[in-house]
Amino acid sequence: SEEKELQFGLSAFREVLRAAPLSDNAEVNELVHRVGRKIAEAADKPEYQWEFAVIQDDKMVNAFALPGGKVAIFTGILKHTKDDAGLATVIGHEVAHALQRHGVERMSRSIIDQIVQLGAMGAAASGAIGRNDPRNTGGGGGAAIQGLLAAYGVNVSLPFNRKQESEADEIGLLLMAKAGY
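Because the structure is a prediction, the values reported are computed rather than measured. (Residues numbered from 1 in each chain as written. Predicted model: local features only at pLDDT ≥ 70, side-chain atom pairs only at ≥ 80, totals over all residues. Heavy atoms only, no water.)

K.L.:
Explain helix H2 (residues 26-43) to me, please; I cannot follow it from the model alone.
P.N.:
An α-helical turn contains 3.6 residues, so a residue and the one three or four places further along point in the same direction. With 18 residues, H2 extends 25 Å between its outermost C-alpha atoms, agreeing within 8% with the 26 Å of an ideal straight helix rising 1.5 Å per residue. Those residues of H2 lying buried are Val28, Asn29, Leu31, Val32, Val35, Gly36, Ile39, Ala40, Ala42 and Ala43. All buried residues of H2 fall inside an arc of 160° around its axis, so they share one side. Relative to its buried face, H2 has exposed residues pointing more than 90 degrees away, namely Ala26, Glu27 and Glu41. The secondary structure elements touched by the buried residues of H2 are strand S1 (51-55), strand S3 (70-74), helix H3 (78-81), helix H4 (84-99) and helix H7 (162-178). A positive backbone phi angle near 50° is found at Asp44, which sits one or two residues after H2. (Helix = DSSP H or I, 4+ residues; strand = E, 2+ residues; numbered from the N terminus. Expected span 1.5 Å × (residues − 1). Buried < 20%, exposed > 50% of the residue type's maximum accessible area, 1.4 Å probe, protein only. Arc of directions from axis to C-beta. Contact = heavy atoms within 4.5 Å.)

Following this line, the structure appears as structure tokens:
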């Protein structure tokens, strides 16, 4: 459900912020918060309780948005964005992924793929040994959060398919325009 997704997003964001070195550069933080607030207003989704964080990592050229409007920008991308409009392009794109619930879409597909694979493996194992071999496939909250982080591209690259990327580009550009960029 979207409610569960928002809870996972908040938990995952808190986990990332605890582990990541946050930028203490006041100018960079002000830039990201100012541009982020404008994009968030354009997104017109106040229930997401938008938050923006800057992670200090000059080698990481990336950004991500988690459910519930939790957005992180790595400092490494800032040398490419150069100004407010460039940053708005990145934030608009990431916010669009959250608005379109692309991470949940990806998680759902992944779960279905895993069920199909487990079913095929179970059938093969049953046939090979002549009996069912139930396995513990359960996971705690930590595993669910790690899955959510991966689905939204945290610590992995290109988590979304090309259709989702194009959709995020288009919606992100519309959000930028609506925000005045």
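Still more ground to cover, so stick around.
K.L.:
Just to check I follow, could you spell out the sheet that holds strand S2 (residues 63-66) for this structure?
P.N.:
Pairing between sheet strands relies on hydrogen bonds along the backbone, with the strands arranged either parallel or antiparallel. With mixed pairing, three strands are arranged side by side in an open sheet as S1-S3-S2. With one partner strand each, in any of the chains shown, S1 and S2 form the two edges of the open sheet. Between one strand axis and the next, the sheet turns through 15° on average, direction left out of account. Inspection of the sheet shows S1 paired to S3 by five bridges, in the parallel sense. (Pairing = 2+ DSSP bridges. Axes fitted to C-alpha atoms, helices over the stretch in contact; angles between N-to-C directions.)

K.L.:
Mind showing me how you'd approach the environment of Arg101 here?
P.N.:
Note on placement: Arg101 falls in the loop between H4 and helix H5 (102-129). With relative accessibility at 28%, the residue Arg101 sits in the partly exposed group.

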